[in-house]
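A closer look at the structure
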Amino acid sequence: MGEIGSNAGSSYPATLDTDNTKESSSTVERADVPNDLADCIIKIETALGISPAGNYANIVTRLNNTNFGATLVVAASGYPLAQNANYVCDAINDEATILTAINALPAVGGKISLREGTYVFQAELVKDSFDNVEIEGCGEATVIQRGFESASAKGLFDLTNCNNWRFRNLLLDGNSGTYTSTNNRGLNIGIGCTDSIIDKCTFQNITGEAINIKPHATVATSQRGIVTNSIFSVVRDGVYIEYGKDITIIGNKITTPSRYGIYHNESSNNIINNNVIRTTSGTPDGIYITSSSRNIIGFNEILDDSNGSKGIRVGSYCDYNII
C-alpha cells in the first residue's frame, strides 16, 4: 500500500499513484503503481452511498463523521456524558443541531438517539425528501420543548415527502402556558409522507394538533401510518387525519383535548381501536369522523367528564364504516 499523506504516495482519489518522489532508501524515483489506498477508499465510499472525492486529509474527516451503524447520538445541554455523543445541543437552537445530525446520516437513513434532557426548539425542524429515519429518546426523560410561535400550521418536526420515519420514546411539550397559537402542532406528517410510526410518545400542552397526518392535499392517499401506545394530555386535538388511508391508531390514551380526541376527515381504510379518550368541558367529540368510508372504529373507551360531549360523531358523506 502506498504511503499516506500529501506528496507521499497516495494521490487520492486517482486510481494510479503518480507521485514519483524518491524514497529515503532509494536512488531512483518510484514507478507509477496502482493506488491500492485510493481504490480501497473509493470502494468504502461507494458502499456508504457517498461520492468519492477529495484528498486523504478530508476523507479521514468524512469517514469519521459517517457512523457505520447508522446511529448518531445527540446530547442535550448539560448532559453528564456529553463526551460520548456525536453532537451536543446548547438549549437555544437545538432543532438546528438535531437537523445537522440527521443530515449527517448516510443516504440510506439511520437513527438519531436523543439522550435524556430538554431540547429547546426555536423553529420547526423541517425535512423534505429524506427516508428511513428513526428519532428515539429515553421516554419522558427526553423532552422536545417549544420555544416559539409557528407563523403557519407546522409541527416541531415538520416532514414532507419523507418515508419510513419513526418517532419513539419522546415527550413533546408545546409549552402552551407561553405559546398559544393554534398553528403550534406537535408532529406534522405532511404531503408525500408514508409509513410513519409514532410509538410510546407523550404529547402535552399543545395548542394545535398533537399529530397531524395529511399525506395528500385533496385525495385519500395511503400513508400506512401507525400511532400506538402514546399519551396525549392537554392538547387541541390528539390525532388529526385528513386525506389519509391505511392508518392504524391503537392503544393510545388521550385526556382533556380542547376540540377532538381523534379527528378523521376525507379518509378511508383506517383502524381506530382500543384507545381511551377522556373528554372534558368544551370538547365537542371524543372521535369525529366525516366524509370517510370503509373504516373500523372499535373497542374504544370514551369517558365524558362534562356530561355534554359526544363519544363518537359520524358526520355527512360517511359510508361502509364499522363502529
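Provided above is the structure to which this section pertains.
Residues numbered from 1 in each chain as written. Predicted model: local features only at pLDDT ≥ 70, side-chain atom pairs only at ≥ 80, totals over all residues. Heavy atoms only, no water.

With that settled, the discussion passes to the overall build of the protein chain. In terms of regular secondary structure, the protein chain is built from 3 helices and 28 strands. Put simply, the protein chain has 323 residues, and 45% of those count as buried. Restricting to contacts in the protein chain with at least 6 residues of sequence separation, those with at least 24 account for 66%. For the protein chain, the exposed surface amounts to about 14,200 Å²; the carbon and sulfur share of it is 50%. (Helix = DSSP H or I, 4+ residues; strand = E, 2+ residues; numbered from the N terminus. Buried < 20%, exposed > 50% of the residue type's maximum accessible area, 1.4 Å probe, protein only. Contact = heavy atoms within 4.5 Å. Areas by Shrake-Rupley, 256 points an atom, 1.4 Å probe, with all protein chains shown as cover.)

What follows deals with the state of the cysteines. All chains considered together, the criterion is met by 0 disulfides. Cysteine cysteine 162 remains unbridged, with the sulfur of cysteine 193 as its closest cysteine sulfur at 5.2 Å. (Disulfide = S-S within 2.5 Å.)

Another point: the pattern of salt bridges. For the structure on display, the rule yields 11 salt bridges. A salt bridge links glutamate 134 to arginine 168, with the nearest nitrogen and oxygen atoms 3.2 Å apart. Placement of the pair is glutamate 134 in strand S8 (residues 133-136) and arginine 168 in strand S11 (residues 165-168), with a sequence separation of 34 residues. Residue classification places glutamate 134 among the buried residues on the basis of a relative accessible area of 12%. Aspartate 199 is the partner of arginine 168 in a salt bridge, and the nearest nitrogen-oxygen pair spans 3.7 Å. Of this pair, arginine 168 sits in strand S11 while aspartate 199 sits in strand S14 (residues 197-199), and the two are 31 residues apart along the sequence. (Salt bridge = Lys/Arg side-chain N within 4 Å of Asp/Glu carboxyl O.)

Following the sequence through the fold, arginine 294 ends up in the loop between strand S25 (285-290) and strand S26 (296-298). Residue classification places arginine 294 among the partly exposed residues on the basis of a relative accessible area of 48%. Note: C-alpha distance between arginine 294 and isoleucine 322 (28 residues apart in sequence) is 7.3 Å. The residues touching arginine 294, leaving out its near neighbours within four places in the chain, are Ser268, Asn269, Asn270, Asp319, Tyr320 and Asn321.

Below, the discussion takes up the sheet that holds strand S20 (residues 248-250). Taken in spatial order, the 10 strands of this open sheet run S4-S3-S5-S8-S11-S14-S17-S20-S23-S26, and their pairing is parallel. Whereas interior strands pair on both sides, the edge strands pair on one side only; in this sheet they are strand S4 (87-88) and S26. (Pairing = 2+ DSSP bridges.)

Further remarks concern the side chain of aspartate 285. The topology assignment puts aspartate 285 in strand S25. Here the side chain of aspartate 285 touches arginine 313 through a polar contact of 3.0 Å, side chain to side chain. Apart from residues no more than four positions distant in its own chain, aspartate 285 is found in contact with Arg259, Tyr260, Gly261, Thr279, Lys310, Gly311 and Arg313. (Polar contact = N/O pair within 3.5 Å; in protein donor to acceptor, adjacent residues only side chain to side chain.)

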